[in-house]
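Structure at a glance
Each chain is listed here by its residues.
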Amino acid sequence: MSISVQNISKTFGNQKALDNVTFSINKGEIVGFLGPNGAGKSTLMKILTTYILADSGDAQVNDYSVADKINVQKSIGYLPEHNPLYLDMYVKEYLAFNANVYKVSKARIAEVIEQTGLTPEAHKKIDQLSKGYRQRVGLAAALLHNPEVLILDEPTTGLDPNQLLEIRKLIKEIGKEKTILLSTHIMKEVEAVCDRVVIINKGVIVADKKLNELRDSTEQIIEVEFDYRVEEQLLNRLPNVVTVKNTAGFVYEITFDTDVDMRPAVFDFAHDNQLKTLQLSRKNKNLESLFTEITN
Ligand SMILES: Nc1ncnc2c1ncn2[C@@H]1O[C@H](COP(=O)(O)OP(=O)(O)OP(=O)(O)O)[C@@H](O)[C@H]1O
């Protein structure tokens, strides 16, 4: 197990940032840690990287307890939310400075420059780099000591669409060799990069799912608005229904479990019951609907 978190809680003043959080990550997985602002993502990452202590519970990285700071820090490469670079330094100088801290060889600097695609910019000062290249410098620094596990706190925040795609591609590439936990509130990011998603809301883990399970899901949600009220029991009689919810006025959200598009059946239902269909739309159960459902 590369990361294992057991019953971690953390409170700041009267704010419970983490409430009995438990999950684990196998070697080689890329896991997206998804949650709205203030959900507790950074707090958990800071505990895993030994920057702060949990109030209770335990966690291991690479089988070392977070109480064993030195071995955990050796096992982890960390890219914090606000990538703290020394802007006045040259890229190579900054990496050499970090290499010295970790006591790694000069040859390794050239390797990480190559690996993170920094070669064309490696002679520049960090403040001359675009935000995307600055993130590459942060990733290169995190990789210097060749850690088993990478912890990336919102690694694509503030990047333009092209840089965003490039950094995601790079993270995916690095993930072929490393275990990665990356936090984000962008669902597309999780879909593009991760094997699994762990969703946190108000300090509590509310979902832990493999992305391919979500992709293969046959759950289908139809939102329909009629011109008049309908008894939910009546809608429940439609084939393959799982749940019926009256979400507003005469608007109903009907969840089906089937591959068949159920919109025609709902349309016919309206016709047979002398109702008019004012709107009808279909969503598949995907990460977005799961996220909205459990964090709203
Ligand atoms: N040092 C601190 N002192 C007081 N409260 C804190 C501290 N650190 C975090 N918190 C609070 O704990 C909660 C969780 O914060 P955290 O930064 O872990 O959330 P997050 O999921 O990373 O959010 P974001 O996506 O906005 O970065 C928030 O309510 C935050 O205000």
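Residues numbered from 1 in each chain as written. Predicted model: local features only at pLDDT ≥ 70, side-chain atom pairs only at ≥ 80, totals over all residues.

One way to put it is that helix α5 (residues 131-143) packs onto helix α6 (residues 161-174) with a least axis distance of 9 Å and a crossing angle of 20 degrees. When the axis of α5 is compared with that of α6, the two are roughly parallel. Judged by the twist between their axes, the crossing of α5 over α6 is right-handed. From α5, K131, G132, Q135 and L139 reach across to α6, where they touch Q163, E166, I167 and L170. (Axes fitted to C-alpha atoms, helices over the stretch in contact; angles between N-to-C directions. Helix = DSSP H or I, 4+ residues; strand = E, 2+ residues; numbered from the N terminus. Parallel < 35°, antiparallel > 145°, perpendicular 65-115°, else oblique. Left-handed = near helix turned anticlockwise from the far one by under 90°. Contact = placed C-beta atoms within 7 Å.)

Right, let's talk about the sheet that holds strand β2 (residues 15-25) for a bit. Read from one edge to the other, the open sheet built from 4 strands follows the order β2-β1-β4-β5, with strand pairing classed as antiparallel. Of all strands in the sheet, those with a lone pairing partner are β2 and β5 (64-65), marking the two edges. The sheet contact formed by strand β1 (residues 3-12) and β2 spans 7 bridges and is antiparallel. Within β2, the position partnered with K10 by the bridge is L18. Along the sheet, helix α1 (residues 41-48) contacts β1, β2 and β4 (56-61); its crossing angle with β1, the most-contacted strand, is approximately 120 degrees. (Pairing = 2+ DSSP bridges.)

Predicted confidence across the chain gives a mean pLDDT of 91, with 100% of residues reaching 70 or more. Overall fold confidence for the complex sits at a pTM of 0.81, while the interface term, ipTM, reaches 0.97. (pLDDT = per-residue confidence, 0-100.)

Our next topic: the environment of E29. Following the sequence through the fold, E29 ends up in the loop between β2 and β3 (30-34). Sequence separation between E29 and V149 is 120 residues, and the spatial gap between their C-alpha atoms is 9.8 Å. Aside from chain neighbours lying at most four places away, what touches E29 is T179, D195 and R196.

All right, on to the nonpolar core then. Core analysis: the largest hydrophobic core is formed by 64 residues, its most contacted members being L48, L95, A140 and I151. Each of domain 1 (3-210) and domain 2 (217-295) gives at least three residues to this core. Each residue touching L95, except ones within four places of it in the same chain, is listed here: I109, V112, A140, A141 and L144. If you look at the next biggest cluster of nonpolar residues, it comprises 11 residues, including V224, Y252, F256 and M262. (Core = buried A, V, L, I, M, F, W, Y, C linked by C-beta atoms within 7 Å. Buried ≥ 20, exposed ≤ 12 C-beta atoms within 10 Å, placed from the backbone. Domains from an automatic or database assignment.)

Attention now moves to unusual backbone geometry. Most of the time, phi is negative for any residue but glycine, and the peptide bond is trans. At N62, a residue that is not glycine, the phi angle is positive and equals roughly 55 degrees. Its identity is not glycine, yet Q274 carries a phi of approximately 55 degrees, on the positive side. Positionally, Q274 belongs in the loop between α10 (263-272) and β14 (277-284). Residue Q274 is classed as exposed on the basis of its 8 C-beta neighbours within 10 Å.

Let's shift gears to the site of the ligand. Surrounding the ligand, one finds F12, Q15, A17, G35, N37, G38, A39, G40, K41, S42, T43 and H185. Counting residues per element, the shell around the ligand draws most heavily on α1, which supplies 3 residues. Class assignment of the residues belonging to the shell around the ligand gives a composition of 3 nonpolar, 8 polar and 1 charged. (Near = placed C-beta within 6 Å. Nonpolar A, V, L, I, M, F, W, Y, C, P; charged D, E, K, R; others polar.)

Segmentation of the chain into domains returns domain 1 (3-210) and domain 2 (217-295). For domain 1 and domain 2, the distance between their C-alpha centres works out to 40 Å. Of the residues lining the interface, 10 residues belong to domain 1; the matching set on domain 2 comes to 6 residues. Contributions of two or more residues to the side of domain 1 that touches domain 2 are made by α7 (187-193), β9 (196-201) and β10 (204-210).

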